[in-house]
Amino acid sequence: VRAGVRNRLKIKEMDQSNLTERVIAVIVKAQHLDASSITLDSKFEDLGIDSLDGINILFGLENEFDITIPDDAAKQIRAVGDCVEGVAKLLAAKG
């Protein structure tokens, strides 16, 4: 049983890592940034991303993951980690 739990945790970690990579790829594509300069802790302001850029990133995320980001959630996104967390929640709710 413990091995099964460990395997599920590894899969979840890999999924989280893959999700993070995909979110960062969307930001890189939208903003023409170097992926190595972006981490989960990167704030949009520090990356030079303004509100219009943020909207473009959100559209990119919606297309990449086939999700709809609610306006109220979009207003709360200020960092890369916020994007990853929000996308993960929407994907979990989607099933």
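The present account deals with the structure reproduced in this document. In this text the structure is predicted, and so the values were computed from the model without any measurement. (Residues numbered from 1 in each chain as written. Predicted model: local features only at pLDDT ≥ 70, side-chain atom pairs only at ≥ 80, totals over all residues. Heavy atoms only, no water.)

### Examining helix 4 (residues 80-94)
Thinking step 1. In this model, helix 4 (15 residues) spans 21 Å end to end at C-alpha, consistent with the 21 Å of a helix rising 1.5 Å per residue.
Thinking step 2. Among the residues of helix 4, those classed as buried are V80, C83, V84 and V87. All buried residues of helix 4 lie within an arc of 95° about the axis, which places them on one face of the element. In helix 4, the exposed residues that point more than 90 degrees away from the buried face are K89, A92 and A93.
Thinking step 3. Phi for G95, located one or two positions after helix 4, is positive at around 105°. (Helix = DSSP H or I, 4+ residues; strand = E, 2+ residues; numbered from the N terminus. Expected span 1.5 Å × (residues − 1). Buried < 20%, exposed > 50% of the residue type's maximum accessible area, 1.4 Å probe, protein only. Arc of directions from axis to C-beta.)

### Looking at the side chain of E62
Thinking step 1. Within the secondary structure, E62 is located in helix 2 (residues 51-65).
Thinking step 2. Buried charge without a salt bridge: E62, with K94 as the nearest opposite-charge side chain at an N-O distance of 11 Å.
Thinking step 3. Dropping the residues within four chain positions of it, E62 is found in contact with I67, T68 and I69. (Lys, Arg positive; Asp, Glu negative; His and termini not counted. Salt bridge = Lys/Arg side-chain N within 4 Å of Asp/Glu carboxyl O. Contact = heavy atoms within 4.5 Å.)

### Quick word on the pattern of salt bridges
Thinking step 1. What the rule picks out here adds up to three salt bridges.
Thinking step 2. The partner of E64 in a salt bridge is R22, with the nearest N and O atoms 2.9 Å apart. One end of the pair, E64, is in helix 2; the other, R22, is in helix 1 (residues 2-31), with 42 residues separating them in the sequence.

### Comments concerning the side chain of D53
Thinking step 1. Within the secondary structure, D53 sits in helix 2.
Thinking step 2. R78 is the oppositely charged side chain nearest to the buried, salt-bridge-free D53, at an N-O distance of 13 Å.
Thinking step 3. A distance of 3.4 Å separates polar atoms of two side chains, one belonging to D53 and the other to Q31.
Thinking step 4. With residues up to four places along the chain from it excluded, the contact list for D53 reads Q31 and G48. (Polar contact = N/O pair within 3.5 Å; in protein donor to acceptor, adjacent residues only side chain to side chain.)

### A word on helix 2
Thinking step 1. Under the 1.5 Å per step criterion, the end-to-end length of helix 2 is 21 Å for 15 residues, consistent within 8% with the ideal 21 Å.
Thinking step 2. Looking at helix 2, one finds that the buried residues are D53, G54, I57, L58, L61, E62 and F65.
Thinking step 3. Capping the start of helix 2, D50 holds a side-chain oxygen 3.1 Å from the backbone nitrogen of L52, two or three residues further along.
Thinking step 4. Phi turns positive, to about 55°, at D66, one or two residues after helix 2.

### A short note on the environment of D34
Thinking step 1. Within the secondary structure layout, D34 lies in the loop between helix 1 and helix 2.
Thinking step 2. Through-space distance from the C-alpha of D34 to that of I24 is 9.8 Å; in sequence the pair is 10 residues apart.
Thinking step 3. There is a polar contact of 2.8 Å between the side chain of D34 and the side chain of S36.

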